[in-house]
Amino acid sequence: MSTEITTAPVTTIATLGQHEGQTITLRGWLYNLRSSGKLLFPTFRDGSGTIQGIVPKAAVSEEVFETLKNLTLESSVVVTGKVRADSRAPSGFELDVENVTVTQRIADETPYPISLKEHGVDFLMEHRHLWLRTPRQSAILRVRATIMRAAAEYFDTNGFIRTDPPILTPNACEGTSELFEMDYFDDDKAYLTQSGQLYIEATALALGKVYSFGPTFRAEKSKTRRHLTEFWMIEPEVTYLDLDGLMGLAEGFLTHIVTRVLETHRADLKVIGKEVSRLEAVAAPGEFPRLSYDEAHQMLVEAHAKGLIENAHTYGDDFGSPDETYISNQFDKPVMVHRYPAEVKAFYMQPDPNDPTKALCVDVLAPEGYGEIIGGSQRVDSYDLLKSRIEQHNLPLAAFQWYLDLRKYGSVPHSGFGMGIERAVAWICGLEHVRETIPFARTLNRIYP
RNA sequence: UCCUGAGUAGCUCAAUGGCAGAGCAUUCGGCUGUUAACCGAAGGGUUGUAGGUUCGAGUCCUACCUCAGGAGCCA
């Protein structure tokens, strides 16, 4: 082992292919170590990928060989070696190791807890801070970053202004979900936001096309693969936009995100195990199917008659999780279900002028049974109607005075939607559970680490 | 909140009511092309907690704790 700082150029594993035949330096960790007598096969990772090194005893100093031979997994190292193409390597390249400097060697008495074998969910979540280092989890976080960037990029390049709403709010935005409550100085209570929608309706009336992007919180005791208590939501709000225009916006938005992921993350999707053809079908030319609530209901009735779904859907009720799964499985692209019964939807949704019992709203259901990833609507723009809706829902009128002002002073038709980032990541990556889509998931039974 | 299931070595899991085991990880030894390498050896246990039944409980009963899956609600 050398204590000198190497003079070879530092590079990353992801770009090793550009340095074939050159001696380079990697800064990373020992991911795995196999040996065959006088031949060592250390695999290194550096956050961009993994690469197998080759260390024949005769090719390096006794010190380097012994250091690597006795190195513990996940110890941090700086490795110098020559990049060589090899058909036996999964990435096509191997590293002929010349020198190694150990930054920190993990002690024998405290081996790295996460092995390359299988682990249970509870153990992995308890060690999430270390689980993040595994190739699959790192790949998911890279795709997440691209999804978030592409989502913001779509609005930024289409004339939207980002206006982020407050995290601390004085009341329930929609008067429904359970909220996280806290003391706000003297006598007041504050709540963590569950949606920025009402606030960006205000900024939309100031700026025209706006969006917000930030964390939201739900204290619901939901315990499923689709729920987190803290999740990220991106929400556009646009003036003079009707429901049809909103569906077009959602379509362009999702297509852009999927296209961006396909452009730069094919290798990551392979590590994750996602079938890329399913995403290519979404990005391909062609509109997303649009289904009215009535049409979707009819589809479920027929499916039940054929014995394809267990429970009959009652007209007028919202769709359950198995219903959404069935509907989305009928299409290759995300399906947009619109005009639900107003009774099962939020108070701020505009009634359909052709049928006032329906709301001008849309749920976008992701393919492959991932359920609702986007929910949106045209908003009530009449002062009197909104006021009576607030009263009907037994919401405190005083708290919504500012929201009513938006209908008193230059009200216009406007629409918006919200997309849960984690559900989008789960769908695009093909994950079983949203807890893997965010660095540190907050769920009903877990707030550590 | 309701329904269902699971807690045994650091990890993943075995064990008819009758001596608490294996693989991986760790340590030691062997192997010049391994791909979660392989071969040999060693160390490693208050079977989630508290009671109960029994000659005898990881196993049966009761309560509790923790976690998971689903429902409802939602993105």
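Residues numbered from 1 in each chain as written. Chains lettered and ligands numbered in written order. Predicted model: local features only at pLDDT ≥ 70, side-chain atom pairs only at ≥ 80, totals over all residues. Heavy atoms only, no water.

Peer 1: Provide a residue-level description of the pattern of salt bridges, including the pertinent values.
Peer 2: Enumeration according to the criterion identifies 30 salt bridges in this entry. Ionic pairing is found between Glu 422 and Arg 144, a salt bridge with its closest N-O pair at 3.0 Å. Residue Glu 422 is located in helix H13 (residues 421-429), and its partner Arg 144 is located in helix H4 (residues 135-156); the two are separated by 278 residues in the primary sequence. With respect to class, Glu 422 is no different from Arg 144; both count as buried. (Salt bridge = Lys/Arg side-chain N within 4 Å of Asp/Glu carboxyl O. Helix = DSSP H or I, 4+ residues; strand = E, 2+ residues; numbered from the N terminus. Buried < 20%, exposed > 50% of the residue type's maximum accessible area, 1.4 Å probe, protein only.)

Peer 1: Outline the pairing of strand S18 (residues 414-420), supporting the account with residue identities and numerical values.
Peer 2: Buried residues dominate S18, accounting for seven of its seven residues. Residues His 414, Gly 416, Gly 418 and Gly 420 point to one face of S18 and Ser 415, Phe 417 and Met 419 to the other, with burial holding for every one of them. Pairing geometry for strand S11 (residues 230-239) and S18, over five bridges, is antiparallel. Across the sheet, residue Glu 237 finds its bridge partner in S18, namely Gly 416. Sheet topology note: the strand S17 (residues 371-378)/S18 ladder contains five bridges and is antiparallel. From the neighbouring strand, Gly 376 faces S18, where its bridge partner is Phe 417. (Pairing = 2+ DSSP bridges.)

Peer 1: Residue-level account of helix H8 (residues 276-283), with values.
Peer 2: Buried residues of H8: Val 276, Leu 279 and Val 282, and no others. The buried residues of H8 occupy one face: seen down the axis, they fall within an arc of 115 degrees. Buried residues along H8 sit against helix H6 (243-264), helix H7 (266-272) and H13. (Arc of directions from axis to C-beta. Contact = heavy atoms within 4.5 Å.)

Peer 1: If you had to explain the environment of Arg 84 to someone new, which residues and values would you point to?
Peer 2: The topology assignment puts Arg 84 in strand S4 (residues 76-85). Relative accessible area serves as the criterion here: at 27%, Arg 84 is assigned to the partly exposed category. In this structure, the C-alpha to C-alpha distance between Arg 84 and Gly 21, residues 63 residues apart in sequence, is 5.8 Å. In contact with Arg 84, other than residues within four places in its own chain, are Ile 54, Gly 92, Phe 93, Glu 94 and Asp 96. A distance of 3.0 Å separates the side chain of Arg 84 from the side chain of Asp 86, its partner in a polar contact. (Polar contact = N/O pair within 3.5 Å; in protein donor to acceptor, adjacent residues only side chain to side chain.)

Peer 1: Before we move on, can you summarise the packing of H4 against H13 with the specific residues and values?
Peer 2: The interhelical angle for the contact between H4 and H13, taken along N-to-C directions, is 120 degrees, at an axis separation of 10 Å. Relative to H13, H4 is oriented oblique. You can see that H4 and H13 cross each other, and the crossing is right-handed. Taking contact as the criterion, the partners of Ile 140, Val 143, Arg 144, Ile 147 and Met 148 in H4 are, on H13, Ile 421, Glu 422, Ala 424, Val 425, Ile 428 and Cys 429. (Axes fitted to C-alpha atoms, helices over the stretch in contact; angles between N-to-C directions. Parallel < 35°, antiparallel > 145°, perpendicular 65-115°, else oblique. Left-handed = near helix turned anticlockwise from the far one by under 90°.)

Peer 1: So what's going on with the sheet that holds strand S8 (residues 181-184)? Which residues, and what values?
Peer 2: Strand order in the open sheet formed by three strands is S7-S9-S8, with antiparallel pairing between adjacent strands. Two strands lie at the open edges of the sheet, namely strand S7 (168-169) and S8, each paired on one side alone. Sheet topology note: the S8/strand S9 (residues 188-192) ladder contains four bridges and is antiparallel. Paired with Asp 183 across the strands is Lys 189, a residue of S9.

Peer 1: With reference to specific residues and values, describe the protein's contact with RNA strand B.
Peer 2: Lining the immediate surroundings of RNA strand B are 46 residues, of which Asn 32, Leu 116, Lys 117, Arg 225 and Arg 423 lie closest. Of all RNA strand B atoms lying within 4 Å of any protein atom, the proportion belonging to sugar or phosphate reaches 47%. Backbone polar atom of Glu 372 to a sugar or linking oxygen of RNA strand B: 2.8 Å apart, as the coordinates give it. Within the backbone of Ile 374, an N or O atom sits 3.3 Å from a sugar or linking oxygen of RNA strand B. Every element with two or more residues in the surface near RNA strand B is listed here: strand S1 (23-35), strand S2 (39-45), strand S3 (50-56), helix H2 (121-126), S11 and S17. In terms of residue count, the dominant contributor to the surface near RNA strand B is S17 (four residues). Among the residues forming the surface near RNA strand B, the class breakdown is eleven nonpolar, 16 polar and 19 charged. (Near = heavy atom within 4 Å. Nonpolar A, V, L, I, M, F, W, Y, C, P; charged D, E, K, R; others polar.)

Peer 1: Please give an account of the packing of H6 against H8 that cites residues and values.
Peer 2: For the pair H6 and H8, the least separation of the axes is 9 Å and the interaxial angle reads 140 degrees. Taken together, the axis directions place H6 and H8 in an arrangement best described as oblique. Our pair here, H6 against H8, has a crossing hand that is left-handed. On H8, the residues touching Thr 255, Val 258, Thr 259 and Leu 262 of H6 are Val 276, Leu 279, Glu 280, Val 282 and Ala 283. Among the residues forming the contact of H6 with H8, the class breakdown is six nonpolar, two polar and one charged.

Peer 1: Describe the pairing of S4, with residues and values.
Peer 2: Pairing of S1 with S4, which is carried by seven bridges, proceeds in the antiparallel orientation. What sits directly across from Ile 24, in S4, is Gly 81. Pairing analysis gives ten bridges linking S4 to strand S5 (residues 93-104), with the strands arranged antiparallel. Across the sheet, residue Gly 81 finds its bridge partner in S5, namely Val 97.

Peer 1: Explain the sheet that holds S3 to me, using residue names and the numbers behind them.
Peer 2: Pairing in this closed barrel of five strands is mixed, and the strands run S1-S2-S3-S5-S4 around the ring. Looking at each pair of strands side by side, their axes are set apart by 55 degrees on average, direction ignored. Sheet analysis places S3 next to S5, joined by three bridges and oriented parallel. Within the sheet, the bridge partner assigned to Ile 54 lies in S5 and is Asp 96.

Everything listed here is a matter of coordinates, which is why it stays silent on function.
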